[in-house]
Amino acid sequence: MSGSHCYLTGAKDYLTHNRSGFLDLHDNLDPVFNETGHYSAQLFTQKASDVIMAHDSTKSPLFLYLAYQSVHGPLEVPEHYKEQYRDIKDTKRRTYAGMVTCMDEGIGNLTSALKTAGLWDNTVFIFSTDNGGQIYEGGNNYPLRGWKGSLWEGGLHGVGFVHSPLLHKQGYVNRALIHVSDWFPTIVGLARGSLNGTLPLDGFDQWRTISEDAPSPRKELLHNIDILYGRSGSPRYPDTFDTRIRAALRVGDYKLITGYPGNPSEHLNVLFSWIPPPELQDLRDTTDASTGKSANHPDSDHRLLFRPSDQNVWLFNITADPEERHDLSDSLPEVVQQLLSRLLYYNSTVVPPRFPKEDPNASPGKHGGVWGPWE
């Protein structure tokens, strides 16, 4: 289908569509050379709108997946989007705000296309993210702990919205346990499709949860088990999941982290995991390593601000403590062991990861200066 523009790597230039000097813009499998200077958020919005306007709803339903490059490094946006944020002093945050505005404009244009095509009244519009913000590239997750690439809530807890005339309950915040793997069975169910013949799924149909605020069928959420990541500390419990392995699991209210959670910003033996945006830097937690006391968070569990070299287990009640300030692993060892047993089970079902060595034959320089498949 013409119009399915895409890119294959990450962090490509928004205007040249190059990554490391080589082109990364495709229409299906064909490289696109004539869109230099066309900002990617606007380009992808235009192509998606073209698909909408060309769709004949009398013949088939429409599933449209639009994965914006925004907002992600490199920080780039046409100048006039930044001008309205002149009051933001931090240059990265100012550019980031402009990028969000440009993306928001694109979503508005996409909505208008759906309405013009007569599709809006029968559309379920889902907007979501893939991870927490990257603090080094204008993003922020405060007051959640951590950022992109970590197992803290600031790295894992995504936000989004669902808009549709088909929603039975509207205008509310849903805090149910929902995972990215749930979108597939949810969307198939909305389209009145069948999952017959598919492998057993990790996901659940969450439409009633979203549309009616019904209880989520999901009780557990496996964030990650990364057996390739370097192991941390020593095993804490015998005959169960190895706590040296980097992993995280949510069961009900509780979240367990093992191994190395990621994202430290260590200074004088202090772990700054709660990073406010630049305009609120006076809120930075300045716990004194010698006293363990903080003027900014007087009621927090200051042990969390230190990362002993052998610590590799953390337990939090995320419902009561979404900022992950109170480690319960010492006081609730039975809960820790229950969640470790679930990690052990999940680890027994994994497919061995395939992480091949770099192949020099993959260089775009050997393939017309374009990123793409090489075998």
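Residues numbered from 1 in each chain as written. Predicted model: local features only at pLDDT ≥ 70, side-chain atom pairs only at ≥ 80, totals over all residues. Heavy atoms only, no water.

1. Regarding the overall build of the protein
When its secondary structure is counted, the protein shows 7 helices and 13 strands. With 375 residues in all, the protein has 40% of them scored as buried. Excluding contacts between residues fewer than 6 apart, the proportion of contacts in the protein whose partners are at least 24 apart in sequence is 59%. Working note: accessible area of the protein is about 21100 Å², and carbon and sulfur atoms make up 53% of it. (Helix = DSSP H or I, 4+ residues; strand = E, 2+ residues; numbered from the N terminus. Buried < 20%, exposed > 50% of the residue type's maximum accessible area, 1.4 Å probe, protein only. Contact = heavy atoms within 4.5 Å. Areas by Shrake-Rupley, 256 points an atom, 1.4 Å probe, with all protein chains shown as cover.)

2. Details of helix 1 (residues 40-54)
Taking 1.5 Å of rise per residue, 15 residues should cover 21 Å, and helix 1 covers 21 Å from first to last C-alpha, within 8% of that figure. Listed in full, the buried residues belonging to helix 1 are Ser-40, Ala-41, Leu-43, Phe-44, Thr-45, Lys-47, Ala-48, Ser-49, Val-51 and Ile-52. Residues of helix 1 that are buried make contact with strand 1 (5-6) and helix 3 (91-116). (Expected span 1.5 Å × (residues − 1).)

3. As for the confidence of the model for the protein
With 89% of its residues at a pLDDT of 70 or more, the protein shows a mean pLDDT of 89. Note that pLDDT drops below 50 for residues 265-270; the model gives that stretch 14 contacts with residues more than four away or on any other chain. Considering only residues more than four positions removed or in separate chains, one finds that residues 286-306, a stretch of pLDDT under 50, has 55 contacts. (pLDDT = per-residue confidence, 0-100.)

4. A few points about a nonpolar patch on the surface
Among the surface-exposed residues, Phe-184, Leu-195 and Leu-201 lie close enough to one another that they form a single nonpolar patch of about 240 Å² accessible area. When you line up the elements, Leu-201 lands in the loop between helix 5 (183-190) and helix 6 (207-212). On the basis of relative accessible area, Leu-201 is assigned to the partly exposed category, the value being 37%. (Patch = residues over 30% accessible without salt bridge, like charges linked within 9 Å, V, L, I, M, F, W, Y side chains within 5 Å. Salt bridge = Lys/Arg side-chain N within 4 Å of Asp/Glu carboxyl O.)

5. Here's the deal with the sheet that holds strand 5 (residues 30-31)
The strand order across the open sheet formed by 3 strands is 1-4-5, and the pairing between neighbours is antiparallel. Since the sheet does not close on itself, it has two edges, and those belong to strand 1 and strand 5, each with one partner. (Pairing = 2+ DSSP bridges.)

6. As for the environment of Gly-369
Here Gly-369 lies in the segment after helix 7 (333-348). Gly-369 sits 348 residues away from Gly-21 along the chain, and the two C-alpha atoms are 8.1 Å apart. Excluding anything up to four places from it in sequence, Gly-369 contacts Phe-22, Leu-23 and Pro-364.

7. A look at the sheet that holds strand 9 (residues 246-251)
Taken together, the 4 strands give an open sheet; going across it, the order is 8-9-10-13, and neighbouring strands pair in antiparallel fashion. Of all strands in the sheet, those bounded by a partner on one side alone are strand 8 (220-226) and strand 13 (313-317). Ignoring which end each strand starts from, the neighbouring axes of this sheet average 10° apart. Across 6 bridges, strand 8 lies against strand 9 in antiparallel orientation. Within strand 9, the position partnered with Leu-222 by the bridge is Leu-249. Its contacts with the sheet put helix 7 on strand 8, strand 9, strand 10 (254-258) and strand 13, and the angle it makes with strand 10 is roughly 65°. (Axes fitted to C-alpha atoms, helices over the stretch in contact; angles between N-to-C directions.)

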